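Here is what each chain is made of, one letter per residue.
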Amino acid sequence: MESKNVITPVEYETVIGLEVHAQLRTRSKMYCRCSSEYASAPPNTHVCPVCLGMPGVLPNINRQAVEYAMMTALALNCTISDYTKFDRKNYPYPDLMKGYQISQYDQPIGVGGWLNIEVGGQVKRIGVTRVHQEEDVAKLLHRDEGGFAYSLVDVNRSGVPLMEIVSEPDMRSAEEARAYLVKLHSILRYLGVSTANMEEGSFRCDANISIRPKGSDKLLAKVEVKNMNSFRAVFRALEYEAERQRKVLSEGGRLPQETRGWVEPEGKTVSQRSKEFAHDYRYFPEPDLPPLMPSAEWIAEVRAQLPELPEARMSRFMAQYGLSVYDANLLTESRESADYYESLIKSAPELPAKDLSNWLVGAAAGILNTSGCDIIEFGRRVSPGSFTELVRLVGKSVINAGTGKSVLEDMFASGKTARAIIDEKGLAQISDTSEIEAAALQVIRDNPQAVADYKAGKAQAVKFMVGQLMRLSKGRANPNMAAEIITRKLGEL
Ligand SMILES: [Zn+2]
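Just so it is clear, the structure is predicted and the values come from calculations on it, not from any experiment. Think of each chain on its own: its residues are numbered from 1, step by step along the sequence as written. pLDDT decides what is reported in this predicted model: residues at 70 or higher carry local features, side-chain atom pairs at 80 or more are listed and counted, and totals for whole chains, interfaces and linings draw on all residues regardless. Based on all heavy atoms of the structure, the side-chain values leave hydrogens and waters out of the count.

J.: Can you walk me through the overall build of the chain in this structure?
T.: Numbering of helices and strands runs from the N terminus, with a helix taken as a DSSP run of H or I at least four residues long and a strand as a DSSP run of E at least two residues long. Scanning the chain from N- to C-terminus turns up 17 helices and 14 strands. Our radius of gyration looks at C-alpha atoms and nothing else; its globule reference is 2.2 Å times the residue count to the power 0.38. The globule rule puts the C-alpha radius of gyration for 493 residues at 23 Å, and the 31 Å found for the chain is more than 25% above it. Sorting the 493 residues of the chain into buried and exposed places 46% on the buried side. A separation threshold of at least 6 residues defines the contact pool for the chain, and within that pool the share at least 24 residues apart is 68%. To sort residues, take the accessible area from a 1.4 Å probe on protein chains only and compare it with the maximum for the residue type: under 20% means buried, over 50% means exposed, and anything in between is partly exposed. Contact between two residues is taken to exist if any of their heavy atoms lie within 4.5 Å; hydrogens are not considered.

In structure tokens form, the structure reads like this:
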């Protein structure tokens, strides 16, 4: 056994755990009454002695923030602790006004949960270690004016409620890590507890990544990767880091425990600090806040507020509307797109749900892709009633599906109804027999060779003449009627 291990080249596996910080969408900050909607506010206008960290002031717990963290914990299948407390996490940094952050150390709100991810058609359960409550820090703006470097502090963000969600080290690839993040992001958006906007920093991810000989349960040095601002950045950083660690080990090097930062433009991670300089946070219980002991009634009340979550909604879409896994997954990725789909069904219950889904994941998704708009903006421009009117007009052959697609693009661009666009541009399909008959006669007159071919038994010639008729009518003739009438007229010759 042992000698086998010595001669077999070592095969490594990647081990990833993620820590996500999400800002909570409350009206006020975590421990004071300042507004937490600071995004477009001038610097240092949403401040008070509490979030400025003045000595002698007392914090208050934001009940809504606690409920949002509880909702999240419940949605992630965690157990809500019946005793949870706040702790001071001490570290000196200019963006930390008090010199400590009020966080939760050993008794977080939620523990022992999980969520399912799907990678390559396989469902995998990823453990969620904990969900805890904390507060955001101020923002530092570093400036450099002609060699004179200085920093500005904007305290508006200080004290905005944050929640940290820590996963178990259950992910084995960058792909799984991305799937976990996308899923978690979708759940937070469904819950409405966070805007979860990665670019604006209301949803941030740090990753712990290490590699180990396959089959071993001993972890090698853990590397923490920071500064990833998009799902793509997380994926690329972890791919890069796993490869780098393998290379170091295969070349006989050793991996120190350290924190590395992702440098997007260069596509690589760089060392930021080694473990020797890691902070000792000297946690201790926050003396100014009481512990929280959520009652069974309170937990039940919060649980009752949970909306239908993406997975449940996806299964229901498949069962209720007969959608494929693929379509149901796409439509339930965001709460807004699932809502829009169901408002289409509500607006036109007589139309097949599957048709509406095809229009949404087909033509409409194409418009979203090219315009860069989201489904909310799409819904603002194309109301559900307006969308289903279009689908109905196609169903009634007033226009064909191809024209319908371009009409939808027009509706999105102009906000006009399908009917208005069809009338304005004269797009309605011609189903008037006399009009098509006249066109058929002209095509027969203009194409004596095709007529001769037809008489010689070449059935293909009809197809050609239908093509000519469609061209003559600028694509508006009903193609089935055109074929029928041309064949009849040829027979009468
Ligand atoms: Zn304040």
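There's plenty left to go through after this.
J.: Help me understand the sheet that holds strand 4 (residues 100-103), please; the structure alone is not making it clear to me.
T.: Strand pairs in the sheet, formed through backbone hydrogen bonds, run parallel or antiparallel to each other. With antiparallel pairing, the three strands of this open sheet are ordered in space as 4-3-14. Bordering the open sheet on either side are strand 4 and strand 14 (284-285), each of which pairs with just one other strand. A pair of strands is treated as paired once DSSP finds two or more bridges between them. Note: strand 3 (residues 87-90) against strand 14, two bridges, orientation antiparallel. Among the inter-strand pairings, D87 is bridged to a residue of strand 14, identified as P285.

J.: What exactly am I supposed to notice about the nonpolar core here?
T.: Soluble globular proteins tend to bury their nonpolar side chains together. Ranked by size, the top nonpolar core spans 107 residues in total, and within it L18, Y180, Y341, F378, F387 and L408 carry the most contacts. Considering every element that reaches this core, the biggest residue donor is helix 3 (residues 174-191), with 10 residues. Leaving out residues up to four positions away in the same chain, F378 has contacts with Y340, A364, I367, L368, F387, L408 and F412. Residues A440, I444, V451 and I485 belong to the second largest nonpolar core, which totals 20 residues. Definition used in this section: a nonpolar core is a set of buried Ala, Val, Leu, Ile, Met, Phe, Trp, Tyr and Cys residues joined via side-chain atoms within 4.5 Å.

J.: Can you help me understand the pattern of salt bridges in this one?
T.: Think of it this way: side chains of opposite charge can pair up when their charged atoms draw near. By convention in these notes, a salt bridge is any Lys or Arg side-chain nitrogen within 4 Å of a carboxyl oxygen on Asp or Glu. Inspection of the entire model under this criterion finds 38 salt bridges. Note that E264 and R236 form a salt bridge whose closest N and O atoms lie 3.0 Å from each other. Taken together, the positions of E264 in the loop between strand 12 (258-263) and strand 13 (268-274) and R236 in helix 4 (residues 231-250) put the pair 28 residues apart, joining distant regions of the chain. Across the salt bridge formed by R316 and E342, the nearest N and O atoms sit 2.9 Å from each other. Placement of the pair is R316 in helix 6 (residues 310-321) and E342 in helix 8 (residues 335-347), with a sequence separation of 26 residues. Classification of R316 as partly exposed rests on a relative accessible area of 24%. When salt bridges with common partners are traced through the structure, they connect E308, R313, R316, D339 and E342 into a single cluster.

J.: Looking at this structure, how should I read the sheet that holds strand 1 (residues 12-23)?
T.: Read across the open sheet, the nine strands follow the order 2-5-6-9-1-10-11-12-13; overall the sheet is mixed. The sheet is open, and its two borders are formed by strand 2 (79-80) and strand 13, each paired with just one other strand. Axis angles are defined between N-to-C directions and span 0 to 180 degrees, where every axis is a line fitted to C-alpha atoms and, for a helix, only to the segment in contact. Contacts between helix 4 and the sheet are confined to strand 1, strand 10 (203-213), strand 11 (223-228), strand 12 and strand 13, with strand 10 contributing the most and set at about 25° to the helix.

J.: Explain the packing of aromatic side chains to me, please; I cannot follow it from the model alone.
T.: For any two aromatic rings, the description comes down to two numbers: the centre-to-centre distance and the angle of the planes. Ring geometry is summarised as follows: Phe, Tyr and Trp rings, the Trp one being its six-membered ring, pair when their centres sit within 6.5 Å, and such pairs are stacked at plane angles under 30 degrees, edge-to-face over 60 and tilted between the two. Inspection of the entire model under this criterion finds 14 aromatic pairs. Between Y340 and F387, the ring centres sit 6.3 Å apart and the planes meet at 55°, which makes this aromatic pair tilted. With Y340 in helix 8 and F387 in helix 11 (residues 384-395), this pair connects stretches of sequence that are 47 residues apart. On the basis of relative accessible area, F387 is assigned to the buried category, the value being 0%. What links up through ring pairs into an aromatic cluster is the set Y340, W359, F378, F387 and F412.

J.: Can you help me understand the coordination of the zinc ion in this one?
T.: Ideal geometry at a metal centre: 109.5 degrees between donors when four sit tetrahedrally, and 90 or 180 degrees when six sit octahedrally. Coordinating donors are taken as N, O and S atoms within 2.8 Å of the metal, stretched to 3.2 Å for Na, K and Ca; because water is absent from the atoms, sites can appear incomplete. Distances from the zinc ion to its protein donors, namely C32 (SG), C34 (SG), C48 (SG) and C51 (SG), fall within the range 2.3 Å. The coordination sphere of the zinc ion comprises four donor atoms, whose angles at the metal cover 101 to 115°; the geometry is tetrahedral. We classify C34 as buried; its relative accessible area is 10%. Residue classification places C48 among the buried residues on the basis of a relative accessible area of 17%. The geometry test gives tetrahedral to four donors whose angles all lie between 85 and 135 degrees, gives square planar to four donors and octahedral to six donors whose opposite members are over 155 degrees apart with all other angles between 65 and 115, and gives irregular to the rest.

J.: How should I be thinking about the pairing of strand 10 in this particular structure?
T.: Successive residues of a regular strand alternate their side chains across the two faces of the sheet. Burial of strand 10 is extensive: nine of the 11 residues sit out of reach of the surface. The pairing of strand 1 with strand 10 spans 11 bridges and is classified as antiparallel. When the sheet's bridge partners are listed, E13 is paired in strand 10 with R212. Where strand 10 lies against strand 11, four bridges are found, and the strand directions are antiparallel.

J.: Looking at this structure, I do not really get the packing of helix 6 against helix 7 (residues 325-332). What am I missing?
T.: Direction vectors running N to C along helix 6 and helix 7 enclose 135°, while the axes themselves pass 9 Å from each other. By the angle between their directions, the pair helix 6 and helix 7 is classed as oblique. The element helix 6 and its partner helix 7 pack so that their crossing is right-handed. From helix 6, P310, R313, M314, F317 and M318 reach across to helix 7, where they touch V325, A328, N329, L331 and T332. Each residue receives one of three labels: charged for Asp, Glu, Lys and Arg, nonpolar for Ala, Val, Leu, Ile, Met, Phe, Trp, Tyr, Cys and Pro, and polar for the others, Gly being one of them. By residue class, the composition of the contact of helix 6 with helix 7 is seven nonpolar, two polar and one charged. Here is the rule for angles: anything less than 35 degrees is roughly parallel, anything more than 145 is roughly antiparallel, 65 through 115 is roughly perpendicular, and the remaining ranges are oblique. In this scheme the handedness of a crossing depends on how the near helix is turned from the far one: anticlockwise by less than a right angle means left-handed, clockwise means right-handed.

J.: Got a minute to help me understand the side chain of Q245 in this structure?
T.: If you trace the backbone, Q245 turns up in helix 4. In the analysis that follows, any N or O atom pair within 3.5 Å is treated as a polar contact, provided that within protein one partner can donate a hydrogen and the other can accept it, and provided that, for residues neighboring in sequence, both atoms belong to side chains. Within the structure, Q245 has its side chain in polar contact with the backbone nitrogen of I211 (distance 3.4 Å). Non-local contacts of Q245, meaning those with residues more than four positions away in its chain, are made with I209, S210, I211, V223 and L255.

J.: Help me out: how do you make sense of helix 16 (residues 460-472) in this one?
T.: Here a helix's expected span is defined as the number of its residues, less one, multiplied by 1.5 Å. Along its 13 residues, helix 16 runs 19 Å from first to last C-alpha, staying within 8% of the 18 Å computed at 1.5 Å per residue. For helix 16, the full list of buried residues reads A461, V462, M465, V466, L469 and M470. The inward-facing, buried residues of helix 16 contact helix 14 (433-446), helix 15 (448-455) and helix 17 (479-492). Phi for K474, located one or two positions after helix 16, is positive at around 55°.

J.: Please clarify how unusual backbone geometry should be interpreted in this entry.
T.: Apart from glycine, the bulk of residues carry a negative phi angle, and the bulk of peptide bonds sit in the trans form. Unusually for a residue other than glycine, N227 sits at a positive phi of about 70°. Looking at where N227 falls in the secondary structure, it is placed in strand 11. In this structure N227 comes out as partly exposed when scored by relative accessible area, which is 43%. Not every positive phi belongs to a glycine, and R282 is a case in point at roughly 45°.

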